[in-house]
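Commentary on secondary and tertiary structure
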Amino acid sequence: MRLEILPVLGIGHVTEGDDLPAVIATAAPWLRDGDVLVVTSKIVSKAEGRLVDVPADGPERLAARDEVLAGETARVVASRGPTRIVQTHHGFVMASAGIDASNVDKTQLVLLPVDPDASARALREALRERYELDVAVIISDTMGRPWRNGLTDVALGVAGMPAIRDHRGEIDPYGNELQLTQMAVVDELAGAGELIKGKCDQVPVAVVRGYLSSTDPEDTAGARALVRDAAQDLFSLGTAEARAAGLADAATLSDALGSTPADLGAVRRAIDAIADVVAPGTVFTLVDEAEVRAGLVAEMPGWPEGAALLLGSAPTPVEPIGLVRFGADLHRLRVALAAEGVESTLLPPPPGSPASAALAL
């Protein structure tokens, strides 16, 4: 495979209502079937009118930006100082919901397209119907990555090709069956396009040539295939947010159990109440020995006696990700309890303590 990455020059300033397919086709009459068009989301947003007027500076601007951010946020993942990492209504986890103040008038903010996949499909269909061009389209934007410095472009919307190349079930040269390998090829192509688009060069569109031999008109999953399901997200919150969630979970657990350790109905209600915290299929162990209960309660100041009912768990067969999720949720509770100085059987008990002896039983 030999790839070429080509800039589309001369697009100029895009405003609301501009005919983006015509703008691109006029600037790149050399487009070919099978090309992958990497289009910066900002010009899509501008053409679609995704602009918000705000004051040019001062506290009023900050207040207006915060209001806009709240409207674009489905869930706050983490916050530190003025920085907000949020999940957008599209499902993307991004700093400031992708709201951008660069390459736009100082009195405006640019929001992400409402539906980047739909924008990609519309652009692809217009190029095919009006210019007889069969190309794939990627709507891209810049994102940071957890645990790594530096930004890279990723795909927000895709049309004409699958977002992921799935290698699962294939055999590598050493005879091993690949079980987890799924390549986010559209993110890689978006990053490749960014190499020649730049941030200050006014080149909002790039073409990657040579990757596709033909487009995939039947693919409709788009970039939504890249959004990780919440049940598989082991790092869904920042530290402070995980601590708050853990405290809330602990309070729910404590309240749900009540004070009658032998009441199986209370146990069932407690399990139901924390069903979204533990892995599906988890079985809880009922503790009947009075001295064991007493030892456990002694290690949990302020908790009702019924909390001793949740001594431990023995998972029935579940998907591996469910078991890992259960471990992650227990860790959230450990963090929350440790932060409050509350000992419990969710924390490793000190040697020789009543809880340590109880667990040995």
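Reading the values: rules and limits
- Residues numbered from 1 in each chain as written.
- Predicted model: local features only at pLDDT ≥ 70, side-chain atom pairs only at ≥ 80, totals over all residues.
- Heavy atoms only, no water.
- Helix = DSSP H or I, 4+ residues; strand = E, 2+ residues; numbered from the N terminus.
- Buried < 20%, exposed > 50% of the residue type's maximum accessible area, 1.4 Å probe, protein only.
- Contact = heavy atoms within 4.5 Å.
- Areas by Shrake-Rupley, 256 points an atom, 1.4 Å probe, with all protein chains shown as cover.
- Core = buried A, V, L, I, M, F, W, Y, C linked by side-chain atoms within 4.5 Å.
- Pairing = 2+ DSSP bridges.
- Axes fitted to C-alpha atoms, helices over the stretch in contact; angles between N-to-C directions.
- pLDDT = per-residue confidence, 0-100.
- 1 Å grid on protein atoms, 1.4 Å probe; cavity = no way out; pocket = protein on both sides within 12 Å on 5 of 7 lines; lining within 4 Å.
- Points joined across faces, edges and corners; volume = space filled by probe spheres on them.
- Nonpolar A, V, L, I, M, F, W, Y, C, P; charged D, E, K, R; others polar.

**Re the overall build of the protein**
A tally of regular secondary structure across the protein gives 10 helices and 12 strands. Counting over 361 residues, the protein shows a buried share of 43%. Pairs at least 24 apart in sequence give 65% of the contacts found in the protein among residues at least 6 apart. Per element, the accessible surface of the protein, about 19,300 Å² overall, is 54% carbon and sulfur.

**Re the nonpolar core**
Core analysis: the biggest nonpolar cluster contains 25 residues, and Ile24, Leu37, Val39 and Val205 have the highest contact counts within it. Beyond its immediate chain neighbours, meaning those up to four positions away, Ile24 contacts Ile11, Leu31, Leu37, Val39, Leu123 and Val205. Counting residues in each nonpolar core, the second largest holds 15 residues, with Val38, Ala163, Val185 and Val208 among its members.

**A look at the sheet that holds strand β9 (residues 148–159)**
Across the sheet, which stays open at both edges, the five strands sit in the order β1-β12-β2-β8-β9 with mixed pairing between neighbours. Only two strands of the sheet have a single neighbouring strand rather than two, namely β1 (4–7) and β9. Each strand of the sheet is rotated relative to its neighbour by a mean of 30 degrees, with strand direction disregarded. The pairing of strand β2 (residues 36–40) with strand β8 (residues 136–145) spans five bridges and is classified as parallel. Its bridge partner being in β8, Thr40 is matched across the sheet by Ser140. The strands touched by helix α5 (residues 185–197) are β1, β2, β8, β9 and β12 (205–209); relative to β9, the strand with the most contacts, the crossing angle is about 115 degrees.

**A look at the confidence of the model for the protein**
For the protein, the mean per-residue pLDDT works out to 76, and 66% of the residues sit at or above 70. Every residue in residues 254–289 is under pLDDT 50, and counting partners more than four places away or in other chains gives 58 contacts. Long-range and interchain partners of residues 346–351, a stretch whose pLDDT sits below 50, account for 14 contacts in this model, where long-range means more than four residues apart.

**Focus: empty space enclosed by the protein**
Taken as a whole and assessed by the stated rule, the structure comprises one cavity of 30 Å³ or more. Of the volumes computed, that of the largest cavity is approximately 30 Å³. In terms of lining, the largest cavity is formed by His90, Phe92, Pro116, Asp117, Leu156 and Arg224. When grouped by side-chain class, the residues that make up the lining of the largest cavity number three nonpolar, one polar and two charged.

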